[in-house]
Amino acid sequence: MDVQQLGKGKWILISGGTRGIGRALVQQLAREGYEVAFTYQSSADAARQLEQEVAANGGRAHGHACDGRDFQSVSSLCEQLVKDLGGPYGLINNMGVTGDQLLFNLDVERYRDVVATNLDSAVYFSKSLAPAMAGERRGKILHMSSVSGVKGNKGQLGYSATKAAMIGITKTMALELARFKINVNAIAPGYIATDMIDQIPDHVRKSITDNIPLKRFGEVHEVAALASFLLSPQADYITGQTFLIDGGLTA
Ligand SMILES: NC(=O)C1=CN([C@@H]2O[C@H](COP(=O)(O)OP(=O)(O)OC[C@H]3O[C@@H](n4cnc5c(N)ncnc54)[C@H](O)[C@@H]3O)[C@@H](O)[C@H]2O)C=CC1
Ligand SMILES: CC(C)c1ccc(C(=O)O)c(O)c1O
């Protein structure tokens, strides 16, 4: 199938699209012909720049300011999008923050914010879009989990809780939505080279890399390629699963 035709006539929402993995997802899926709606928290300039970049390559992407932690903000955006574009084909719950903390040092407010940003947002977007997707009798939902949701990681207490929970909601949503031919899967990346990861000091980066069997961090386009496959008709028989993309870290 012509790659540029994969997304023809389909729109998809990606939460947290202006940076890192989200930005790569927007670019990849727009290249495949999907009409992409993405959200951002406050980086309007980055959103406009991404829209222009996508348009220059012949694609369609539009950024929307939306605080994923706030149900009203999520539901009113989704309602408007469904009114304008009809039932969505896809949803990628990508937005997330790390907020690393050890149990003894846990700041409860910070912890609650990590849960709201990573987990509540995924539930809010899914609740807001799944009914319109079900109306189309087809669709794909992806949750961006993490290796930290599969195995423990010291200092990532709240973060790992949210990423493990995303694997849980993937399974439950897969069971509930199968009758509407909606597939629900999770992607669990290991260390992926993004701005945030770039800030890790060299000596720490070296010790992390030494631990990865493939001896490098992943690239954002590698995560986008996996997402692209899971959204495609070739993945129509896959649901309720979590796909690790981690250079062998959990092997
Ligand atoms: N970079 C990595 O190595 C890994 C990343 N992940 C996951 O992949 C996803 C993307 O990560 P990165 O691209 O690295 O992160 P990033 O920090 O570059 O991007 C996060 C996105 O979430 C958005 N966001 C954060 N809080 C928000 C809020 N309250 N409302 C709306 N948007 C909000 C930001 O605007 C940004 O677009 C996250 O869920 C992360 O946990 C998982 C494993 C590894
Ligand atoms: C420990 C996991 C692989 C990890 C590492 C770093 C980030 C990040 O900086 O965003 C993550 O989101 C992770 O899940």
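The notes below deal with the structure included here. Because the structure is a prediction, the values reported are computed rather than measured. (Residues numbered from 1 in each chain as written. Chains lettered and ligands numbered in written order. Predicted model: local features only at pLDDT ≥ 70, side-chain atom pairs only at ≥ 80, totals over all residues. Heavy atoms only, no water.)

### Remarks on the side chain of Thr18
- Within the fold, Thr18 resides in the loop between β1 (11-14) and α1 (20-31).
- A relative accessible area of 10% means that Thr18 is categorised as buried.
- A polar atom in the side chain of Thr18 sits 3.2 Å from the side chain of Ser43.
- Ignoring sequence-local partners within four residues, the contact set of Thr18 consists of Arg23, Phe38, Thr39, Tyr40, Ser43, Ala46, Ala47 and Leu50. (Helix = DSSP H or I, 4+ residues; strand = E, 2+ residues; numbered from the N terminus. Buried < 20%, exposed > 50% of the residue type's maximum accessible area, 1.4 Å probe, protein only. Polar contact = N/O pair within 3.5 Å; in protein donor to acceptor, adjacent residues only side chain to side chain. Contact = heavy atoms within 4.5 Å.)

### Let's talk about the sheet that holds strand β6 (residues 182-189)
- Strands sit in the order β3-β2-β1-β4-β5-β6-β7 across an open sheet of seven strands; the sheet is parallel. Looking at strand neighbours, the two that pair on one side only are β3 (60-65) and β7 (242-245), the edges of this open sheet. Each strand axis lies, on average, 20° off the axis of its neighbour in the sheet, ignoring direction.
- Relative to β3, strand β2 (residues 35-40) is paired through six bridges, and the arrangement is parallel. Its bridge partner lying in β3, Val36 is registered against Ala61.
- On the sheet, helix α3 (residues 71-85) packs against β1, β2 and β3 and is oriented at approximately 165° with respect to β1.
- Contacts from helix α8 (residues 220-231) reach β1, β4 (90-93), β5 (139-144), β6 and β7 within the one sheet, and its direction differs from that of β5 by about 150°. (Pairing = 2+ DSSP bridges. Axes fitted to C-alpha atoms, helices over the stretch in contact; angles between N-to-C directions.)

### Structural notes on helix α5 (residues 157-177)
- For α5, spanning 21 residues, the distance from its first C-alpha to its last is 30 Å, which sits close to the expected 30 Å at 1.5 Å a residue.
- Of all the positions in α5, only Gly158, Tyr159, Ser160, Thr162, Lys163, Met166, Ile167, Ile169, Thr170, Met173, Ala174 and Leu177 are classed as buried.
- Residues of α5 that are buried make contact with β4, α4 (108-135), β5, β6 and β7. (Expected span 1.5 Å × (residues − 1).)

### Structural notes on the pairing of β2
- For β2, a buried count of five out of six residues is recorded, marking the element as mostly surrounded by other parts of the structure.
- Strand direction decides the pairing type here: β1 and β2, joined by four bridges, are parallel. Paired with Trp11 across the bridge in β2 is Glu35.
- This β-α-β element, β1 to α1 to β2, shows right-handed connectivity.
- In this region the chain leaves β2, passes through helix α2 (residues 44-56) and returns to the parallel neighbour β3; the handedness of that crossover is right-handed. (Right-handed = clockwise from strand over helix to strand, strands pointing away.)

### Some remarks on the site of ligand 2
- As a matter of local geometry, ligand 2 sits amid Thr98, Ser146, Ser148, Asn153, Gln156, Tyr159, Pro189, Gly190, Tyr191, Met196 and Ile197.
- Tyr159 has a polar side-chain atom sitting 2.4 Å from an oxygen atom of ligand 2.
- In terms of residue class, the shell around ligand 2 is built from five nonpolar, six polar and no charged. (Near = heavy atom within 4 Å. Nonpolar A, V, L, I, M, F, W, Y, C, P; charged D, E, K, R; others polar.)

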